[in-house]
Amino acid sequence: MGPLCYRRHRFPPEIIQHAIWLYLRFTLSYRDVEELLAERGLDISYETVRRWVLKFGPAIAQRLRRRRPRPSDRWHLDEMVVRIAGERMYLWHAVDHEGEVLDMLFQRRRDTRAALRLMRKLLKKQGFAPKLLVTDKLRSYAAAFRRLRLTCRHEQGLLKNNRAENSHQVVRRRERKLQRFKSARSAQRFLSVHGAVHNTFNFQRHLISRSTLRIFRAEASAQWQDAVAAA
């Protein structure tokens, strides 16, 4: 995949890239990004920032995912309730044991068919089966596990699945900042992009030294610059 094309835009690529980075990297609204850019003397409407994110965000996320190392073979699956336009929906969420977001999928039901759809998508996207699958005690997971005839170990328990439970916090913060998701389609698109950026810049700071953190930050910055490189 070639570099991104920023031609026919009023502002230079560096400003566009910075605005997209601010919105995806931090829990900010489009209006927050507009205010931060205004402090730097840039008169850019929040609607312009929104269009930049929608246009370049998916391509940037795809490039970031290609540069990520292979996730671990210990997967945690969970689901959370999300209300979209007054309708109750479920966000099915999969992470590995290090907190790497593997996939997110909005579905209307919380049954075996929904669990099966998530697990099939995971196996196809990752290209390998896990050695350990951790879920809560929802029976849909066990039924889907049997349907797929997986040979890995399957552990169930609420406390065992804290890794997946904690990963919901990032989504909840974004949901509050956006004043709830407006549609399942836009939410799916946003979380797909946000997940790739989160994986790139998410460091378990309590487990690494300050010098190691600086190295990780430099590597993440290099990955971002490669992903947003202009033609």
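You'll find the structure just up there.
Conventions we followed
- Residues numbered from 1 in each chain as written.
- Predicted model: local features only at pLDDT ≥ 70, side-chain atom pairs only at ≥ 80, totals over all residues.
- Heavy atoms only, no water.
- Salt bridge = Lys/Arg side-chain N within 4 Å of Asp/Glu carboxyl O.
- Helix = DSSP H or I, 4+ residues; strand = E, 2+ residues; numbered from the N terminus.
- Buried < 20%, exposed > 50% of the residue type's maximum accessible area, 1.4 Å probe, protein only.
- Axes fitted to C-alpha atoms, helices over the stretch in contact; angles between N-to-C directions.
- Parallel < 35°, antiparallel > 145°, perpendicular 65-115°, else oblique.
- Left-handed = near helix turned anticlockwise from the far one by under 90°.
- Contact = heavy atoms within 4.5 Å.
- Nonpolar A, V, L, I, M, F, W, Y, C, P; charged D, E, K, R; others polar.
- Core = buried A, V, L, I, M, F, W, Y, C linked by side-chain atoms within 4.5 Å.
- Arc of directions from axis to C-beta.
- Pairing = 2+ DSSP bridges.
- Right-handed = clockwise from strand over helix to strand, strands pointing away.
- Patch = residues over 30% accessible without salt bridge, like charges linked within 9 Å, V, L, I, M, F, W, Y side chains within 5 Å.
- Areas by Shrake-Rupley, 256 points an atom, 1.4 Å probe, with all protein chains shown as cover.
- Lys, Arg positive; Asp, Glu negative; His and termini not counted.
- Charge placed at Lys NZ, Arg CZ, Asp CG, Glu CD.
- Phe/Tyr/Trp six-rings, centres within 6.5 Å; stacked < 30°, edge-to-face > 60°.
- Lys NZ or Arg CZ within 6 Å of the ring centre and 35° of its normal.

I would appreciate a short explanation of the pattern of salt bridges in the present structure.
A side chain with one charge may pair with a side chain of the opposite charge, provided their charged atoms come close. Within the structure shown, the criterion is met by eleven salt bridges. We note a salt bridge from lysine 131 to aspartate 73, for which the minimum N-O separation is 3.8 Å. With lysine 131 in the loop between helix 4 (112-126) and strand 4 (132-135) and aspartate 73 in the loop between helix 3 (46-67) and strand 1 (74-84), this residue pair connects regions lying 58 residues apart in the sequence. Look at aspartate 73 and you get partly exposed, because its relative accessible area is 26%. Three or more residues are tied together by salt bridges with common partners; here these are Glu47, Arg50 and Arg51.

Is there a simple way to explain the packing of helix 2 (residues 30-39) against helix 3 in this structure?
As a packed pair, helix 2 and helix 3 sit with axes 8 Å apart at the nearest point and diverge in direction by 115°. As summarised for this structure, helix 2 and helix 3 are arranged roughly perpendicular, according to the angle between their axes. Seen along the crossing, helix 2 lies across helix 3 with a hand that is right-handed. Contacts between helix 2 and helix 3 involve Tyr30, Arg31, Val33, Glu34 and Leu37 from the former and Tyr46, Val49, Arg50 and Val53 from the latter. Grouping the constituent residues of the contact of helix 2 with helix 3 by class yields six nonpolar, no polar and three charged.

Teacher, can you tell me more about the nonpolar core here?
Nonpolar side chains tend toward joint burial in soluble globular proteins. Ranked by size, the top nonpolar core spans 48 residues in total, and within it Ile20, Ile60, Phe106 and Phe181 carry the most contacts. Looking at which element gives the most residues to this core, the answer is helix 3, with eight residues. Those residues in contact with phenylalanine 181 that sit more than four places away from it in its chain are Val82, Arg83, Ile84, Ala85, Phe106, Val171, Glu175, Ala187, Phe190 and Leu191. Counting residues in each nonpolar core, the second largest holds 21 residues, with Leu77, Trp92, Ala114 and Tyr141 among its members.

What is the right way to look at unusual backbone geometry in this model?
Peptide bonds are trans in most cases, and residues, glycine excluded, mostly fall at negative phi. The backbone phi angle of arginine 8 is positive, close to 65°, even though this residue is not glycine. Within the secondary structure layout, arginine 8 lies in the segment before helix 1 (13-25).

Would you mind going over helix 2 with me for this structure?
What sets the pattern is the α-helix's 3.6 residues per turn: residues three or four places apart point alike. If you check which residues of helix 2 are buried, you get Tyr30, Val33 and Leu37. Buried residues of helix 2, seen end-on, are gathered within an arc of 60° and therefore sit on one face of the element. Turned more than 90 degrees off the buried face of helix 2, the exposed positions are Glu35 and Glu39. Packing partners of the buried residues in helix 2 comprise helix 1 and helix 3. The positive-phi residue at the C-terminal boundary of helix 2 is glycine 41, with phi of around 80°.

What should I look at first to understand the pairing of strand 5 (residues 153-156) in this one?
In the case of a regular strand, side chains alternate between the two sheet surfaces. Both strand 4 and strand 5 contribute to a ladder of four bridges, which runs parallel. Directly across from threonine 135, in strand 5, lies its bridge partner glutamine 156. Each parallel crossover has a hand, and for strand 4 linked through helix 5 (residues 139-148) to strand 5 it is right-handed.

Quick question: what am I supposed to make of the packing of helix 1 against helix 3 here?
Two measures define how a pair of helices packs: the angle their axes make with one another and the distance between the axes. Their axes nearest at 10 Å, the elements helix 1 and helix 3 cross at an angle of 85°. Of the possible angle classes, the one that applies to helix 1 and helix 3 is roughly perpendicular. Each of Ile15, Ile16, Ala19, Ile20, Tyr23 and Leu24 in helix 1 lies in contact with helix 3, whose residues at this interface are Val49, Trp52, Val53, Phe56 and Ile60. The residue makeup of the contact of helix 1 with helix 3, split by class, is eleven nonpolar, no polar and no charged.

Mind showing me how you'd approach a positive patch on the surface here?
A grouping of Arg25, Arg205, Arg210, Arg214 and Arg217 is seen on the molecular surface, where their side chains present a positively charged patch. With three residues, helix 8 (residues 210-227) is the single largest residue contributor to the positive patch. On the accessibility criterion, arginine 217 (38% relative accessible area) is partly exposed.

Explain the packing of aromatic side chains to me, please; I cannot follow it from the model alone.
Aromatic ring pairs are described here by two measures, namely the spacing of the ring centres and the angle between the planes. Under the counting rule described, the total for this entry stands at eleven aromatic pairs. Taken together, a centroid distance of 6.5 Å and an interplanar angle of 65° make the contact between tryptophan 21 and phenylalanine 201 edge-to-face. Taken together, the residues span a long stretch of sequence, with tryptophan 21 in helix 1 and phenylalanine 201 in helix 7 (residues 184-201) at a distance of 180 residues. Given the relative accessible area of 23%, tryptophan 21 is considered partly exposed. Put simply, the rings of Trp21, Phe26, Phe201 and Trp224 touch in pairs and so form one group of aromatic residues. For the cation-ring pair, arginine 174 lies above tyrosine 23, with the distance from its terminal atom to the ring centre recorded as 5.0 Å.

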